[in-house]
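# Summary of the model geometry
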Amino acid sequence: MFKKIIIFIITFIFIMPCIVSAGVGSLAMVGGKYYETLEDAIRAAGSNDTIKLISDVKLDDTMDINKTVNINLNGNDITGPEKVFEVSGGVLNLTGTGTIRETKPNYGAIAVIGSTDSGDKDYSIVNVGNGVKLEGWSGIFITHDNNKSYGVVVNLDGDIAAVNDTSGGTGIGVYVNGNIKDDKNHPVVNIGDDAEITSTGNGLYIAGYATFNIKGAYIEGDESGIGIKSGILNIDGATIYSEGVDKTPTGGYNNGIKASGTAIQIESNSGYTGDMVINIDSGTIRSKNSYAVYEYIGKGTDSMVDSMDISGGTFRAEGTKPVFGLSDSFKSMHGSFISGGRYTSDPSEYLVSGYSAKLENDLYLVTASSSKLVSGDGTSGDGGSSVLKVIATIVIVGI
């Protein structure tokens, strides 16, 4: 009996340090060591270390990130009154499951500021993994220092819920400040297949010059799915949706963007950089009550869209509006920009030469004509190869 007691005591002595080291107030662990504050854990962690949360974290102030910080939420939440994290000259990697939340929404769950030096590549980087949710007035707020924001990269595979701010202003899923005007080394936002963005306002508001690559995500905004005034928008396989009230025609605005109820809202406004390039390869662009794609002159006289190319996708305007609502200036500059896709209204006036639209199952299907297929130029509404097109042509003509 005495021997068993001795063995138990020895065993307890060995495991006791592990129990004591966690402490009652410990919030995070780095390499087996426990910390009572997230700030202490970040200070102690190296660029290859991962901070693993062991309980919820409540911040009183914004946490500045100016080095590489890896956080595994591990089923826990990080909350702060507003602007929970600000990344400037650092890398923030968020993994695991949990939520980053503004408790008094006013700015964003994560603010990102680029460099003032145009040569700084990969200066501020944010990676949001699948399972991580950002909640606030915005999920990610890309802003500037003295109107400069070079070297910003955001990779979003998690979710965003953009809510009204404390004064009732509607939210924005991902926001790019309009003072970011340089097209060199500009912010790049990559939104992946697993991402889901919902917003009481705009799913995305791209005021400043940036590139957005959206692949397979779901983006919904009550006021618009996407509002854009500057930069490059590439959509491949994503769903962009708005069920808001139709508020077109929409007036221009120099401090934000007014509600339209459209899926993609393009404001040509001379107070912004403009130079918009819009490419849609596939996906679903859908408005419950208004246009699927809406472009208008908010300020100035000319469209500020450099190019639009639609080669596929499904475009639904489910109210009384047609799919497209475009300014006369846009039409005169870009009369032909569609080479594929399906539409709830006839898109024939916008088709590239050699393509036609045919009503099938309540949708107008755009395909290449036989003469276009024979030319072997490698293009079609479904992205088929030249060889397949020639085979299809042979079948059509009955050879």
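Residues numbered from 1 in each chain as written. Predicted model: local features only at pLDDT ≥ 70, side-chain atom pairs only at ≥ 80, totals over all residues. Heavy atoms only, no water.

### Side note on the overall build of the chain
In terms of regular secondary structure, the chain is built from five helices and 33 strands. Across the 399 residues of the chain, 49% fall into the buried class. Sequence-distant contacts in the chain: of pairs separated by 6 or more residues, those separated by 24 or more amount to 59%. Accessible surface for the chain amounts to roughly 17400 Å². Of this, 50% is attributable to carbon and sulfur atoms. (Helix = DSSP H or I, 4+ residues; strand = E, 2+ residues; numbered from the N terminus. Buried < 20%, exposed > 50% of the residue type's maximum accessible area, 1.4 Å probe, protein only. Contact = heavy atoms within 4.5 Å. Areas by Shrake-Rupley, 256 points an atom, 1.4 Å probe, with all protein chains shown as cover.)

### Comments concerning the pairing of strand β6 (residues 68-72)
It is a general feature of regular strands that their side chains alternate between the two faces of the sheet. Pairing analysis gives two bridges linking strand β3 (residues 51-53) to β6, with the strands arranged parallel. Note on β6: the bridge partner recorded for K52 is N72. (Pairing = 2+ DSSP bridges.)

### A look at the sheet that holds strand β17 (residues 172-176)
Read across the sheet, ten strands follow the order β5-β8-β11-β14-β17-β20-β23-β25-β27-β30 without closing on themselves; strand pairing throughout is parallel. Two strands close off the open sheet at either side, each with one partner strand: β5 (63-65) and β30 (324-325). Across two bridges, the pairing between strand β27 (residues 293-299) and β30 is parallel. If you follow V293 over to β30, its bridge partner there is F324.

### Re the side chain of N76
Assignment of secondary structure puts N76 in the loop between β6 and β7 (78-80). Owing to a relative accessible area of 10%, N76 belongs among the buried residues under this scheme. In this structure, N76 is in contact with L53, I54, S55, D56, T97, G98 and T99, ignoring residues within four places of it in sequence.

### As for the packing of aromatic side chains
The geometry of an aromatic ring pair comes down to the distance between the two centres and the angle between the two planes. Per the stated rule, a full pass over the model turns up 14 aromatic pairs. Both rings, one in Y175 and one in Y205, keep their centres 5.6 Å apart while their planes meet at 65°; by these two values the pair is edge-to-face. Here Y175 is found in strand β17, whereas its partner Y205 is found in strand β20 (residues 202-206), with 30 residues between them in sequence. For Y175, a relative accessible area of 13% gives the class buried. Residue class for Y205 comes out buried when judged on its relative accessible area of 2%. Every member of this aromatic cluster is reached through a ring pair, and the members are F315, F324, F330, F337, Y343 and Y350. (Phe/Tyr/Trp six-rings, centres within 6.5 Å; stacked < 30°, edge-to-face > 60°.)

### Considering the pattern of salt bridges
Two side chains with opposite charge may pair up if their charged atoms get near one another. A full pass over the atoms with the stated rule returns ten salt bridges. Of the charged contacts, one joins R101 and D77 as a salt bridge, the two residues approaching to 3.9 Å between their closest N and O atoms. In this pair, R101 is assigned in strand β10 (residues 98-102) and D77 in the loop between β6 and β7, connecting sequence segments 24 residues apart. What makes R101 partly exposed here is its relative accessible area of 23%. One salt-bridge network, held together by shared partners, links E39, D40 and R43. (Salt bridge = Lys/Arg side-chain N within 4 Å of Asp/Glu carboxyl O.)

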